[in-house]
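# Chains, contacts and geometry: an overview
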Amino acid sequence: MGNFSTFFPTASASNLLEIIQYVPDGRTFQGLSNNYVAPTMTNYQGTTTSYVDIFGSNITYTPPEGTRYIRYEYNTKQGGTTARSGITHYKLYVDSTEVQNAYKNFSSQYYTTYGYAEFPVSLTYSFDLTAASDDIANGKFSNWTGAKEIKWMARGYNTTYDDVRFNYNTWRDGGGVTAGSALQWNYPLLTVTAYS
Amino acid sequence: MANLTDIFPAPTSNNIIEVIEGVADGRTVTVNDNSYTFGNVTTTTSLSTSFADLPGSSITYAPPADTKYVSYKCYFKFWGIDYGGISGYRIVLDGTVVNYSNRHISGNYSNGGNNHAQFLGMAMFVFDLTVSSDNIAAGQIAKSNWTSDKIIKVQARDYSSSYDGYVNYNHWFDGGGASGARQKDQPTIQIIAYG
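Residues numbered from 1 in each chain as written. Chains lettered and ligands numbered in written order. Predicted model: local features only at pLDDT ≥ 70, side-chain atom pairs only at ≥ 80, totals over all residues.

## Thoughts on the overall build of chain A
- Scanning chain A from N- to C-terminus turns up one helix and 16 strands.
- Referenced to the eigenvectors of the C-alpha coordinate spread, the extents of chain A come out at roughly 65 × 45 × 25 Å.
- Looking at chain A residue by residue over its 196 residues, the buried ones come to 42%.
- When contacts within chain A are restricted to residue pairs at least 6 apart in sequence, long-range pairs at least 24 apart make up 69% of them. (Helix = DSSP H or I, 4+ residues; strand = E, 2+ residues; numbered from the N terminus. Buried ≥ 20, exposed ≤ 12 C-beta atoms within 10 Å, placed from the backbone. Contact = placed C-beta atoms within 7 Å.)

Put into structure tokens, the structure is as follows:
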């Protein structure tokens, strides 16, 4: 005989509704009511002085019924060039509209020659779905029930500071990583959490 | 008619009782019928050589019944404007410093005047509510002594006036200097109550 709750499942007492999390290896992550297909990463990504989508940060997300807040988190790695301090700009978009208050700028300390800085970058934001009307620039929504695309875009400060690389490894085991090898890059991690 | 689960309550499927999270833009988040209003960060902050509250880091919180652990995290933006910008951060619970939450962060040292180090700062701690008596400096507080609101926040300072740092600051935007909505960086606060 099964447990009582096997026959009469109950809602969780927690306000945590679901977590979607994947690395971009082409897998399908099965959420509560929707599946999410991760892209397939095959190399690191560089930057220029124009904004481009950060690979693996895109997700077209449909929150489960009852969602009141969404946490969106993309963990990547910045650096690995001789671009001095590698000043990099990050913009957050929901369905092509920028969430201006989420803007961030990351850089290492400046050095003219030894651009050794490689460090983790956590790009997070918390969306409020309880607003009376949409105010996307401030991450507030009144009626987010369907699919919306969330993503980060990035660019370098100028040509002196661009060519920052995402998910790039310069060194390994006391030496340089062989160019073109699978060890030269690593996966970022995308996490979307829905709360009631 | 009552719900079946009102009569036969089932255990939760995980040990997360609730998660409170928000950006310090003045928003109010309501969870389990309790409302939490976050600070509203509208400008950047230069640190001084004395500990002062990190704007936007404060939250007033009372954990639900049966909470065993409370996790607090504050994600904020740091900029070292003098040399490496050595700066210190600590978590304070209702006026008492949590000693082991202390951490210093800094960029690499530079005396050339190009102080570019800007990265994410994280202040975090997990309070243990399963103890029988309080030792807040060690992050331990008996649940029976945390039944009403307490303020959790981050305090920050410079190492010295020679190593000044800023918080909640984006210095650059689109190849130039940042201003307005893009210059201030609003911290994100997260509370998790575990049962």
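Structure shown, so let's carry the discussion forward.
## Digging into the overall build of chain B
- Per the secondary structure count, chain B includes one helix and 15 strands.
- Across its three principal directions, the C-alpha atoms of chain B cover 70 × 35 × 25 Å.
- By the burial criterion, 41% of the 195 residues in chain B qualify as buried.
- In chain B, once contacts between residues fewer than 6 apart in sequence are set aside, the share between residues at least 24 apart is 71%.

## What about the interface of chain A and chain B?
- At the junction of the two partners, chain A supplies 37 residues and chain B supplies 43 residues.
- At the level of elements, helix 1 (4-7), strand 7 (69-79), strand 10 (104-106) and strand 11 (118-128) of chain A are the ones that each hand at least two residues to the side of chain A that touches chain B.
- Looking at the side of chain A that touches chain B element by element, the count peaks at seven residues for strand 11 of chain A.
- Residues belonging to the side of chain A that touches chain B are distributed by class as follows: 14 nonpolar, 20 polar and three charged. (Nonpolar A, V, L, I, M, F, W, Y, C, P; charged D, E, K, R; others polar.)

## What about the environment of B:Gly84?
- Here B:Gly84 shows up in the loop between strand 7 (69-80) and strand 8 (87-93).
- For B:Gly84, a count of 18 C-beta atoms within 10 Å translates into the label partly exposed.
- Not counting residues within four places of it along the chain, the set of residues in contact with B:Gly84 comprises A:Gln109, B:Ser106, B:Gly107, B:Asn108, B:Tyr109, B:Ala117 and B:Tyr163.

## What about the pairing of strand 12 (residues 148-156) of chain A?
Residue and element names in this part refer to chain A.
- Most of strand 12 is tucked away, with seven of its nine residues classed as buried.
- Judged from the two bridges that link them, strand 5 (residues 52-53) and strand 12 form a sheet pairing that is antiparallel. Across the sheet, the residue bridging to Asp-53 is Met-153, located in strand 12.
- Alignment of strand 6 (residues 59-61) against strand 12, held across three bridges, turns out to be antiparallel. Across the sheet, the residue bridging to Thr-60 is Glu-149, located in strand 12. (Pairing = 2+ DSSP bridges.)

## Some remarks on the confidence of the model for chain B
- Within chain B, residue pLDDT values average 93, and 94% of them lie at 70 or more.
- Across the interfaces of the predicted complex, the ipTM metric reaches 0.86, alongside a pTM of 0.89. (pLDDT = per-residue confidence, 0-100.)

## Here we look at the environment of B:Lys153
All names here are of chain B.
- If you trace the backbone, Lys-153 turns up in strand 11 (residues 150-158).
- By the C-beta count within 10 Å, which is 23 here, Lys-153 ends up buried.
- Along the primary structure Lys-153 and Asp-94 are separated by 59 residues, whereas in three dimensions their C-alpha atoms are 8.4 Å apart.
- Dropping the residues within four chain positions of it, Lys-153 is found in contact with Asp-53, Ser-57, Ser-58 and Val-92.

## Quick word on unusual backbone geometry
Residues and elements named next belong to chain A.
- Positioned with a positive phi, Asp-95 is a non-glycine residue whose angle comes to about 45°.
- With respect to the helices and strands, the residue Asp-95 is situated in the loop between strand 8 (88-94) and strand 9 (97-98).
- Under the C-beta neighbour-count criterion, Asp-95 is labelled exposed, with 12 such atoms within 10 Å.
- In the Ramachandran plot, Asp-173 falls in the positive-phi region, its phi being about 50° despite a non-glycine side chain.
- The residue Asp-173 is located in the loop between strand 14 (171-172) and strand 15 (175-176) in this model.
- Its 7 C-beta neighbours within 10 Å are what place Asp-173 among the exposed residues.

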